[in-house]
Amino acid sequence: MVIEREIESFLGWLLQGDKWYQAALIQFLATAGAVALVGIALGFLVQLVRHGPVRAGETIYRSLSTGVVELSRTSWRRVSALAGLAVKESLRRRVWVALVVFIAILLFAGWFLSTNHQDPVKLYLSVVLTATSFMSLLLALLISTFSLPGEFKSKTIYTLVTKPVRSGDIVLGRILGFTAVGTVLLALMAICSYVFVTRSLDHTHDVAAETLTDDTIEGEVIGASGETTITQGHRHAVSLGPDGDGLAIAAHGHDHVIEAGGEVQVTSSPTGLLRARVPQRGKLRFLDRNGVPKERGVSVGNEWGYRSFIEGGTRAAAIWKFSGINENTLDTSGDTRVLPIELLVRVFRTHKGEITRPIQGSVQLRNPETKQVNSIQLFGARDGQLDLFEFPVEQFDTDRNEINQLDDLVSESGELEVIVQPLERAQYYGFAQADCYIRLPEDNPFWNFVKGYLSIWVQMVVVIAIGVTASTFLNGPIAMLFTTSFVLLGFFRGFLIGIATGVQPNGDKVYGGGPVEALVRIVTQMNLTTQFDTDTQSQAIGVSLMKGADDVVQFVIEKIAYVLPDFRTLSSVNYVAEGFSIPSPVIGRELAIAAAYIIGLSIAGYFFLRSREVAKA
């Protein structure tokens, strides 16, 4: 997955940012203040048209002063009682049907998902997490947007407002009640998903006795090598010790343990299916075919330029520099201390040959200060395959002299370089900075799975808050359309900010100007980089008016975009599907964003609900 930068700490994100005004708390307060000022201005204009300036000012002042007092007197006892009513209402509307539909999706998904996939765990997790996300968002949308409009239509809201409750209690109670219902359903979906993935991929192999051959050293048998039988469309290479115990070597994202005993040896259930890798990333640079340092490799014509490529059979190389390497970085879970490095290679073939044959390459460690290197390790790379290299502490250099990894290959400042080169001419390796990392001790995979569902829960809560707020001033179908539009625009928040600022989130410049200029270019069939003629005064005025209109439109788009929830960054399910641990600061950010939207939208919903005649009854 694409993670170029180290994850910033939660407090750093909340209070500092790259610059003080980019801190999340400052941005939240600024956005909330701007939205409040716009709301006050619009309310004043409405009252001005209806009652004149004096009455308008009095109404706005009275509404704000009363609102501050009532919100400060919010009773959690009343809120919890109203939340209980929202739960009962949801049960009467048979929300449990969503769980039945989800289970049906899982049952039918097993027919279409192939276990003979290069990474079946990623495939299965992607399907169940995506299905859960869409199901929970749809559920949140339906239960939140039709509740209050239904009560207005049936007149039951009049019974409620005659009780000693405030508008803020009603809005917050609805949000928390629907959140409680959604939480229970989401927890049940998580349990079903976990059982579905683990049970679907659980399997064993028999060791094919006819494939076993003895491994010997100087005539002494030290073990055996062979293969397993084919199960779920794949087999494993087998390595056995002299006592018959051994390992079915990793393939398709997992391995198996083999224990001696019985006429037919059977492997254990797969190990390493669910992963929670903790990567330590380095800084990537390239050497071109002549060995000259470059910031990027060559382009092979891929439309997505995220990765650049290096040519095989030349001096071209991809070099990652890692910092902070010490004794604690090593993996000590096995019999020997090793430095585990995982590498993802994208292979580009200029001639196919045998398409299933891996492209040969080499990986080497180097001290960036002394230039001391270890002996080259060869490997075969397949496109998109994640390879694991475990470099022991005791190694050899290129002259077969013994060296120590920490003493000779790691610099005094704790830096280490990893050099990767393709060896076959006219074949290319493609890399990005995130494709090579040192694998630190893994987190608990089950807890990581739970954290993935916690991010889905955050999305659901935000949708519920938006839907309840929209239902305070719109009828059911319109509130649903409004909330749906809000959510869809939230998924493209980064794109909207790119339109407004002229720079996409990945740093690429947006060509073609703003929306108005882009429309003019489409109509006149001009390309994105051609400059407009300003030779005459009328042409110069026209271009100035066009760019001025773009400035206004882009300003409005940018301010609207900052109000939208960024649903792409609120989702951490890709971490789980790719087998990476979700960092704690990411979870902290998601929970803080959910709390911010609940607070902000509850206040907005209070004022919207008070503006309706029923609130004055």
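Given the structure is predicted, the values throughout are model-derived calculations rather than measurements.

## Brief notes about the overall build of the protein chain
Next up, step 1: A tally of regular secondary structure across the protein chain gives 18 helices and 19 strands.
Next up, step 2: Dimensions of the protein chain, computed from the C-alpha atoms along their principal axes, are close to 105 × 75 × 45 Å.
Next up, step 3: Counting only residues that meet the buried cut, the protein chain has 41% of its 617 residues in that class.
Next up, step 4: Of the contacts made within the protein chain by residues no fewer than 6 positions apart, 70% connect residues no fewer than 24 positions apart.

## Considerations on the confidence of the model for the protein chain
Next up, step 1: Averaged over the protein chain, the pLDDT score is 83; the fraction of residues at 70 or greater is 93%.
Next up, step 2: The element-level mean pLDDT for the protein chain is lowest in helix α8 (residues 156–161), coming to 64, with strand β10 (residues 317–322) highest at 94.

## A look at the pattern of salt bridges
Next up, step 1: In the structure shown here, the tally under the stated rule is 18 salt bridges.
Next up, step 2: The partner of arginine 337 in a salt bridge is glutamate 327, with the nearest N and O atoms 1.9 Å apart. Separated by 10 residues along the polypeptide, arginine 337 in the loop between β10 and β11 (338–349) and glutamate 327 in the loop between β10 and β11 bring together distant segments of the chain.
Next up, step 3: You can call arginine 337 partly exposed: its relative accessible area is 34%.
Next up, step 4: On the basis of relative accessible area, glutamate 327 is assigned to the partly exposed category, the value being 41%.
Next up, step 5: Through salt bridges with shared partners, one network takes in Glu89, Arg93 and Arg174.

## Looking at the side chain of serine 602
Next up, step 1: Here serine 602 lies in helix α18 (residues 584–610).
Next up, step 2: Judged by relative accessible area, which is 9%, serine 602 ranks as buried.
Next up, step 3: Leave out the neighbours within four places in its chain, and serine 602 touches Val171, Leu172, Ile175 and Tyr597.

## Quick look at the packing of helix α5 (residues 97–112) against helix α9 (residues 167–201)
Next up, step 1: The N-to-C vectors of α5 and α9 enclose an angle of 15°; their axes lie 10 Å apart at closest approach. The pairing of α5 with α9 is recorded here as roughly parallel in orientation. Between α5 and α9 lies a crossing of right-handed hand. For the pair formed by α5 and α9, the contact residues are Ala98, Leu99, Phe102, Ile103, Leu106, Ala109 and Gly110 on the first element and Leu185, Leu188, Met189, Cys192, Ser193 and Phe196 on the second.
Next up, step 2: Residue composition of the contact of α5 with α9, grouped by class: 11 nonpolar, 2 polar and no charged.

## Structural notes on the nonpolar core
Next up, step 1: Core analysis: the biggest nonpolar cluster contains 73 residues, and Leu125, Leu129 and Phe196 have the highest contact counts within it.
Next up, step 2: In terms of residues, this core owes the most to one element, α9, which gives 13 residues.
Next up, step 3: Those residues in contact with phenylalanine 196, other than ones at most four positions away along the chain, are Leu106, Ala109, Gly110, Leu113, Tyr124 and Val128.
Next up, step 4: Among the nonpolar cores identified, the runner-up in size contains 33 residues, and Phe322, Val345, Ile359 and Val363 belong to it.

## Brief notes about the sheet that holds strand β3 (residues 237–240)
Next up, step 1: Sheet architecture is open: 5 strands sit in the order β1-β2-β3-β4-β5, paired in antiparallel fashion. One side of each edge strand has no neighbouring strand; the edge strands of this open sheet are β1 (213–217) and β5 (254–258). For this sheet the average axis-to-axis angle between neighbouring strands, irrespective of direction, equals 25°.
Next up, step 2: As paired elements, strand β2 (residues 220–227) and β3 share 4 bridges and run antiparallel to each other. Bridge pairing in β3 places glycine 226 opposite valine 238.

## As for the packing of α9 against helix α11 (residues 445–471)
Next up, step 1: α11 packs onto α9 with a crossing angle of 150° between their chain directions and a minimal axis gap of 9 Å. The angle between the axes of α9 and α11 places the two elements in the roughly antiparallel class. The hand of the α9/α11 crossing is right-handed. On α11, the residues that touch Val171, Arg174, Ile175, Phe178, Thr179, Gly182, Thr183, Leu186, Met189, Ala190, Ser193 and Tyr194 of α9 are Phe446, Phe449, Tyr453, Ile456, Trp457, Met460, Val461, Ile464, Ala465 and Val468.
Next up, step 2: Considering only residue class, the contact of α9 with α11 consists of 17 nonpolar, 4 polar and 1 charged.

## Comments concerning the environment of glycine 39
Next up, step 1: Here glycine 39 lies in helix α2 (residues 24–51).
Next up, step 2: It is 9.8 Å that separates the C-alpha atoms of glycine 39 and phenylalanine 607, two residues lying 568 residues apart in sequence.

## Quick word on the sheet that holds strand β17 (residues 416–422)
Next up, step 1: Pairing is antiparallel in the open sheet, where 6 strands are placed in the order β8-β7-β10-β17-β12-β13. Unpaired on one side and paired on the other, β8 (293–294) and β13 (377–381) mark the two borders of the sheet.
Next up, step 2: Across 2 bridges, the pairing between strand β7 (residues 283–287) and β8 is antiparallel. Bridge assignment links leucine 287 to a residue of β8, and that residue is proline 293.

## Overview of the side chain of threonine 228
Next up, step 1: With respect to the secondary-structure elements, threonine 228 resides in the loop between β2 and β3.
Next up, step 2: For threonine 228, a relative accessible area of 0% gives the class buried.
Next up, step 3: There is a polar contact of 2.9 Å between the side chain of threonine 228 and the backbone nitrogen of histidine 236.
Next up, step 4: If near-sequence neighbours (up to four positions away) are discounted, threonine 228 is found in contact with His205, Asp206, Val207, Ala208, Arg235, His236, Val238, Ala248 and Thr267.

## Regarding helix α12 (residues 476–491)
Next up, step 1: Compared with the 22 Å implied by 1.5 Å per residue over 16 residues, the 23 Å span of α12 between its first and last C-alpha is a close match.
Next up, step 2: Taken together, the buried positions of α12 are Gly476, Ala479, Thr483, Phe486, Val487 and Gly490. Buried residues of α12 fall within an arc of 95° about the axis and therefore sit on the same side.
Next up, step 3: Between a side-chain oxygen at the N-terminus of α12 and the backbone nitrogen of isoleucine 478 the separation is 3.2 Å; the capping residue is asparagine 475.

## Considerations on the pairing of strand β19 (residues 436–440)
On any regular strand, side chains alternate: one points to one face of the sheet, the next to the other face.
Next up, step 1: Burial of β19 is extensive: 4 of the 5 residues sit out of reach of the surface.
Next up, step 2: Bridge count between strand β6 (residues 278–281) and β19: 4 bridges; the pairing is antiparallel. Across the sheet, residue valine 278 finds its bridge partner in β19, namely leucine 440.

## Re the packing of aromatic side chains
Next up, step 1: Going through the model one piece at a time under the given rule, you end up with 18 aromatic pairs.
Next up, step 2: Plain terms: the ring middles of tyrosine 124 and phenylalanine 196 are 5.7 Å apart, the flat faces sit at 35° to each other, and that makes the pair tilted. Here tyrosine 124, found in helix α6 (residues 120–145), pairs with phenylalanine 196, found in helix α9; they are 72 residues apart in sequence, far enough to count as distant.
Next up, step 3: Judged by relative accessible area, which is 12%, phenylalanine 196 ranks as buried.
Next up, step 4: Ring centres of tyrosine 429 and phenylalanine 431 lie 6.0 Å apart, and the angle between their planes is 85°; this geometry places the pair in the edge-to-face category.
Next up, step 5: Three or more aromatic residues link up through ring pairs in this structure, and these residues are Trp320, Phe379, Phe389, Phe391, Tyr429 and Phe431.
Next up, step 6: Above the plane of the ring of phenylalanine 580 lies arginine 277, whose end atom (NZ or CZ) is 5.6 Å from the centre.
Next up, step 7: Over the face of the ring belonging to phenylalanine 396 we find arginine 400, whose NZ or CZ atom lies 4.4 Å from the ring centre.

Quick notes on the rules
- Residues numbered from 1 in each chain as written.
- Predicted model: local features only at pLDDT ≥ 70, side-chain atom pairs only at ≥ 80, totals over all residues.
- Heavy atoms only, no water.
- Helix = DSSP H or I, 4+ residues; strand = E, 2+ residues; numbered from the N terminus.
- Buried < 20%, exposed > 50% of the residue type's maximum accessible area, 1.4 Å probe, protein only.
- Contact = heavy atoms within 4.5 Å.
- pLDDT = per-residue confidence, 0-100.
- Salt bridge = Lys/Arg side-chain N within 4 Å of Asp/Glu carboxyl O.
- Axes fitted to C-alpha atoms, helices over the stretch in contact; angles between N-to-C directions.
- Parallel < 35°, antiparallel > 145°, perpendicular 65-115°, else oblique.
- Left-handed = near helix turned anticlockwise from the far one by under 90°.
- Nonpolar A, V, L, I, M, F, W, Y, C, P; charged D, E, K, R; others polar.
- Core = buried A, V, L, I, M, F, W, Y, C linked by side-chain atoms within 4.5 Å.
- Pairing = 2+ DSSP bridges.
- Polar contact = N/O pair within 3.5 Å; in protein donor to acceptor, adjacent residues only side chain to side chain.
- Expected span 1.5 Å × (residues − 1).
- Arc of directions from axis to C-beta.
- Phe/Tyr/Trp six-rings, centres within 6.5 Å; stacked < 30°, edge-to-face > 60°.
- Lys NZ or Arg CZ within 6 Å of the ring centre and 35° of its normal.

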